[in-house]
Amino acid sequence: MNDDNKTDHNDNQLSEEDKALLLDHNYDGIQELDYPLPRWWLVTFWGAILFSIPYFIYFVFMNGPSLNDSYNMDVKEIKKLQHNYFKELAIFKPEVYASISQTPEMVDFGEKLFVQNCTPCHGPNAEGYIGPNLTDGYWMYSEGTPETVYPFVLMGAPAAGMPAWADKLSEDEVYAVISYVMTIQGREQVNPKIPQGEFFPSERLPEPRTLPSE
Ligand code: HEC
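Residues numbered from 1 in each chain as written. Predicted model: local features only at pLDDT ≥ 70, side-chain atom pairs only at ≥ 80, totals over all residues.

*Asks:* Looking at this structure, I do not really get the overall build of the chain. What am I missing?
*Replies:* A count of helical and extended segments in the chain gives 10 helices and 4 strands. If you list the helices and strands of the chain from N to C, you get α-α-α-β-β-α-α-α-α-α-β-α-α-β. Its C-alpha atoms give the chain a radius of gyration of 38 Å, clearly above 17 Å, the size a compact globule of 214 residues would have. Seen through its principal axes, the chain has C-alpha atoms that stretch 115 × 45 × 30 Å. The buried share of the chain, taken over its 214 residues, is 16%. Put simply, 59% of the contacts in the chain that link residues at least 6 apart link residues at least 24 apart. (Helix = DSSP H or I, 4+ residues; strand = E, 2+ residues; numbered from the N terminus. Rg over C-alpha atoms; globule rule 2.2 N^0.38 Å. Buried ≥ 20, exposed ≤ 12 C-beta atoms within 10 Å, placed from the backbone. Contact = placed C-beta atoms within 7 Å.)

*Asks:* Looking at this model, I keep getting lost on the site of the ligand. Mind explaining?
*Replies:* The environment of the ligand is made up of 26 residues, and the closest members are Cys118, Cys121, Gly131, Ala160 and Met162. For the shell around the ligand, the secondary structure elements donating two or more residues are α8 (119-122), α9 (146-155) and α10 (171-183). Tallied by class, the residues present in the shell around the ligand amount to 19 nonpolar, 7 polar and no charged. (Near = placed C-beta within 6 Å. Nonpolar A, V, L, I, M, F, W, Y, C, P; charged D, E, K, R; others polar.)

*Asks:* Explanation requested: the domain arrangement of the chain in the structure shown.
*Replies:* Buried accessible area, meaning the area lost when the parts come together, often serves as the stated size of an interface. Here the chain is partitioned into domain 1 (2-33) and domain 2 (89-199). Relative to domain 2, the C-alpha centre of domain 1 lies at a distance of 90 Å. (Domains from an automatic or database assignment.)

*Asks:* Any chance you could explain the pairing of strand β1 (residues 22-27) here in plain terms?
*Replies:* The side chains of a regular strand alternate between both faces of the sheet. For β1, a buried count of 0 out of 6 residues is recorded, marking the element as mostly open to its surroundings. Looking at chain direction, β1 and strand β2 (residues 30-33) are connected through 3 bridges and run antiparallel. The residue bridging asparagine 26 from the neighbouring strand is glutamine 31, located in β2. Two successive antiparallel strands, β1 and β2, enclose a turn made up of 2 residues, where aspartate 28 displays a positive phi of approximately 45°. (Pairing = 2+ DSSP bridges.)

*Asks:* What's the story with the packing of helix α6 (residues 94-101) against α10 in this structure? I'm lost.
*Replies:* Across the interface, α6 lies against α10 with an axial gap of 9 Å and an inter-helix angle of 60°. Relative to α10, α6 is oriented oblique. Remark: the crossing between α6 and α10 carries right-handed chirality. Here Val96, Tyr97, Ile100 and Ser101 of α6 lie close against α10, whose contacting residues are Asp172, Tyr175, Ala176, Ser179 and Met182. Looking at side-chain class alone, the contact of α6 with α10 contains 6 nonpolar, 2 polar and 1 charged residues. (Axes fitted to C-alpha atoms, helices over the stretch in contact; angles between N-to-C directions. Parallel < 35°, antiparallel > 145°, perpendicular 65-115°, else oblique. Left-handed = near helix turned anticlockwise from the far one by under 90°.)

*Asks:* What is the right way to read the environment of methionine 182 from this model?
*Replies:* Within the secondary structure, methionine 182 sits in helix α10. Taking the C-alpha atoms as reference, methionine 182 lies 9.6 Å from valine 107; in sequence the two are 75 residues apart. For methionine 182, the contacting residues outside a window of four places in its chain are Ser101 and Pro146.

*Asks:* Even after reading the chapter, I still don't get unusual backbone geometry, so can you show me in this structure?
*Replies:* With a phi angle near 45°, aspartate 28 is a residue other than glycine that sits in the positive phi range. Within the fold, aspartate 28 resides in the loop between β1 and β2. Phi angles above zero are rare outside glycine, and alanine 126 is one such case at about 65°. Looking at the element boundaries, alanine 126 is found in the loop between α8 and β3 (138-139).

*Asks:* I tried to follow the packing of helix α7 (residues 104-117) against α10 on my own but got confused; where do I start?
*Replies:* A pair of packed helices is captured by two measures, namely the crossing angle of their axes and the spacing between those axes. Put simply, α7 and α10 touch, their axes get as near as 7 Å, and they point 90° apart. Considered as vectors, α7 and α10 are oriented roughly perpendicular to each other. Residues Met106, Val107, Phe109, Gly110, Glu111, Leu113 and Phe114 of α7 pack against Glu173, Ala176, Val177, Ser179, Tyr180, Val181 and Thr183 of α10. Residues that form the contact of α7 with α10 fall into these classes: 9 nonpolar, 3 polar and 2 charged.

*Asks:* Sorry if this is basic, but what is going on with the environment of proline 120 here?
*Replies:* Mapped onto the secondary structure, proline 120 falls in helix α8. Residue proline 120 is classed as exposed on the basis of its C-beta count, with 12 C-beta atoms lying within 10 Å. In this structure, the C-alpha to C-alpha distance between proline 120 and isoleucine 130, residues 10 residues apart in sequence, is 8.1 Å.

*Asks:* Would you explain the nonpolar core in this entry?
*Replies:* The biggest cluster of nonpolar side chains holds 15 residues, and the ones touching the most others in it are Tyr150, Val153, Val174, Val177, Ile178 and Val181. Counting only elements with at least two residues in this core, the list comes to α9 and α10. In terms of residues, this core owes the most to one element, α10, which gives 8 residues. With sequence-adjacent residues up to four places away left out, valine 181 is seen in contact with Phe114, Leu134 and Val149. (Core = buried A, V, L, I, M, F, W, Y, C linked by C-beta atoms within 7 Å.)

Given below as structure tokens:
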């Protein structure tokens, strides 16, 4: 009985509430109920529209940061972090340097590292090539002492062609390579690069040997 009712009189299936929501149109018997949109949907919809107004004003009329700007700000932030990291790393530890520079095997190891990593630019005898002579006592970036050379080797001068070694050599390797560089101060050179920077006397090189030529 009930089944008959359903097929014969569609309207009878609807509750009174639904009947009130029934829309006028009727496509070959297919009708539509005008249910209200879910609240969560409406909140998101109107929320997005409301949000877009100040967003549009801020970014279009008030010079809000563009994607490029925020990228650059992030890069700046990263550089700052990196800089602080290097600064911390660049603190010279005299005890560590002393123990490495006083161990002949470590100085030999430093020479190997120098041949592998530094001679392509500083020349086979460190007499200077693309980079400056590292044996003449003239220094642009340091005073030629282990503690002043150390932070420079870590950070380099990438824009001028001297790589930063902080991420290529370990801390001990940097100490070892510097220990070696200190042993070759005053080395006789056949064809040295002209001195660059200022002369800083050292134990092995108390007087300047080569004078800057014009
Ligand atoms: C790709 C080339 C290149 C390599 C490799 C390189 N250097 Fe340099 N280095 C340079 C250049 C170029 C300069 C000078 C930068 C300038 O003129 O401002 C320099 C400068 C230096 C200075 C400063 C000299 C001064 O007058 O104050 C030191 C110290 C130094 N390098 C050590 C090293 C050591 C140690 C290594 C190996 C671990 C090394 N360099 C590898 C190119 C290089």
